[in-house]
Amino acid sequence: MRRSIAAVALSLLLLSGCAAEDKEYSSSFFAMDTYMTLTAYGDGAAQSIDGARAEIERLESLLSVTDEGSEIYAVNQNGGGTVSDSTEEIVKFSLEMAERTEGALDPTIYPIVSAWGFTGEEYRIPSAEELSLLLERIGYEKALLENGHITLKDCMMLDLGAVAKGYAGDRAAKILKEQGVTSALLDIGGNVQAVGCRPDGSDWRLGLRDPLSDGLLGVISVSDLAVVTSGGYERYFVGDDEKRYCHIIDPHSGYPADNGLLSVTVIAPEGAKCDALSTALFVMGAEGAVEHWRKYRDFDMILVSEGEIRLTNGVAERFELRDEYSDIKLVIIE
Ligand code: AMP
Ligand code: MG
């Protein structure tokens, strides 16, 4: 591979820089429980990146499940409440995606995510009895959203963690475009939102992480698209029983998804949709994901399992497997 590799510990890595003469402005910060780096090129880059960062921080302050001042925190404590337009929009979108994915994505999953210790990082394995009681508290169909007012029954609680970063990426990209930026790369904790192409007119080149090591399986070339990965390797713990438990929960069982998929990458223009789908498809497993893609065909995906990568035909031409991984089987989904 000719281009240099910027080593950042994220699932998707920016692989190349830009021509030295381009005006570049970059801002790195911690928000939404992850490191973000926003980079834009050209006149006005600095001001628009600062605006995009402020928007992401504003969204975090509305959507965080742990921040006692957030709207979602208040809704979770009070069994509902009236929320701002942004919170309404993301909750509405999450409920629609929950319906579309038949509950594989479920924004009411919070009590179960919390029982496994994924919010406070005090990991534990809940008993089967505890999980069956908690399962009664979740179910997106029971969450009501009407005219900006959320109603949660049965001690339900929302967790927008599976969609918030993708949504924030869309909002940040919109701000940049409105301010005339035509070339930017937003790395939102491994969710990448590409605005336009690189300053020299070529595609952005993103590394796809090998879920089993720190290496890169290959390179995806994109412009003006979001690329979002969900993987069990991103957050997990090993229980006393020596088993690995990851942070993505199957809402039908209450247990972490464990179906052979190591990571799912979704590519589409909208970051929120990519984020919702990458989590949901990870829960569905490879067969469910392929079935979902065949039904909708409004996104591209890369499914990584041990020894095999399945990818939709739209992304096949954008993906280059690295030589070190030539023994991996590549299967194109039609
Ligand atoms: P992501 O990294 O986008 O796949 O989102 C994972 C995060 O979403 C987890 O850390 C949980 O907070 C939350 N989550 C886990 N499982 C689900 C699920 N099935 N539906 C919705 N949110 C989930
Ligand atoms: Mg997600």
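In short, a report on the structure. (Residues numbered from 1 in each chain as written. Chains lettered and ligands numbered in written order. Predicted model: local features only at pLDDT ≥ 70, side-chain atom pairs only at ≥ 80, totals over all residues. Heavy atoms only, no water.)

## Some points on the nonpolar core
Let me state the cut-off plainly: The criterion is simple. A nonpolar core is a set of buried Ala, Val, Leu, Ile, Met, Phe, Trp, Tyr and Cys residues joined through side-chain atoms within 4.5 Å. Buried, partly exposed and exposed residues are distinguished by accessible area as a fraction of the type maximum, computed with a 1.4 Å probe on protein chains only: under 20%, between the cut-offs, and over 50%, respectively. What counts as a helix is a DSSP run of H or I of at least four residues, what counts as a strand is a run of E of at least two, and both are numbered from the N terminus.
Ranked by size, the top nonpolar core spans 71 residues in total, and within it Ile56, Leu63, Leu176, Leu281, Phe299, Met301 and Leu303 carry the most contacts. It is helix H7 (residues 271-296) that provides the largest number of residues to this core, a total of 12 residues. Leu185, Leu208, Leu225 and Leu311 belong to the second-largest nonpolar core, a separate cluster that totals 21 residues.

## Regarding the pairing of strand S10 (residues 216-222)
Where we set the bar: By this definition, two strands are paired if DSSP reports at least two bridges between them.
Counting buried residues in S10 gives seven out of seven residues, a clear majority hidden from the surface. Sheet topology note: the strand S9 (residues 204-209)/S10 ladder contains six bridges and is antiparallel. From the neighbouring strand, Trp204 faces S10, where its bridge partner is Val222. Connecting the antiparallel pair S9 and S10 is a turn made up of six residues. As paired elements, S10 and strand S17 (residues 319-321) share three bridges and run antiparallel to each other. For Gly218, the partnering residue across the bridge sits in S17 and is Leu321.

## Structural notes on the coordination of the magnesium ion (ligand 2)
Defined as follows: Water is absent from the atoms considered, so a metal site may look incomplete; donors are defined as N, O and S atoms within 2.8 Å of the metal, or 3.2 Å for Na, K and Ca.
Each protein donor to the magnesium ion (ligand 2) is listed here as Ala162 (O), Asp275 (O), Asp275 (OD) and Thr279 (OG1); together their distances run 2.0 to 2.4 Å. Each donor residue of the magnesium ion (ligand 2) belongs to the same chain, with the gaps between them written as A-x112-D-x3-T. In this pair, Ala162 is assigned in the loop between strand S6 (149-151) and helix H6 (164-178) and Asp275 in helix H7, connecting sequence segments 113 residues apart.

## So, the state of the cysteines
Using the following cut-off: Two cysteine sulfurs form a disulfide in these notes if their separation is within 2.5 Å.
Taken as a whole and judged by the stated rule, the model has zero disulfides. Among the cysteines around Cys246, which has no disulfide bond, Cys274 carries the closest sulfur, lying 20 Å off.

## A look at H6
One turn of the α-helix equals 3.6 residues, which is why residues spaced by three or four share an orientation. Worth spelling out the cut-off: Helix span, as expected, comes to 1.5 Å for every residue beyond the first. Pairs of residues are marked as contacts when any of their non-hydrogen atoms sit within 4.5 Å.
Between its first and last C-alpha atoms H6 spans 21 Å; for 15 residues at 1.5 Å apiece the expected length is 21 Å, and the two agree. Residues Ala164, Gly166, Tyr167, Ala168, Gly169, Ala172, Ala173, Ile175 and Leu176 constitute the buried set of H6. Its buried side turned inward, H6 meets helix H1 (45-63), helix H3 (85-100), strand S7 (183-188), strand S8 (191-196) and H7. Of the residues flanking the end of H6, it is Gly180, one or two places downstream, whose phi is positive at about 85°.

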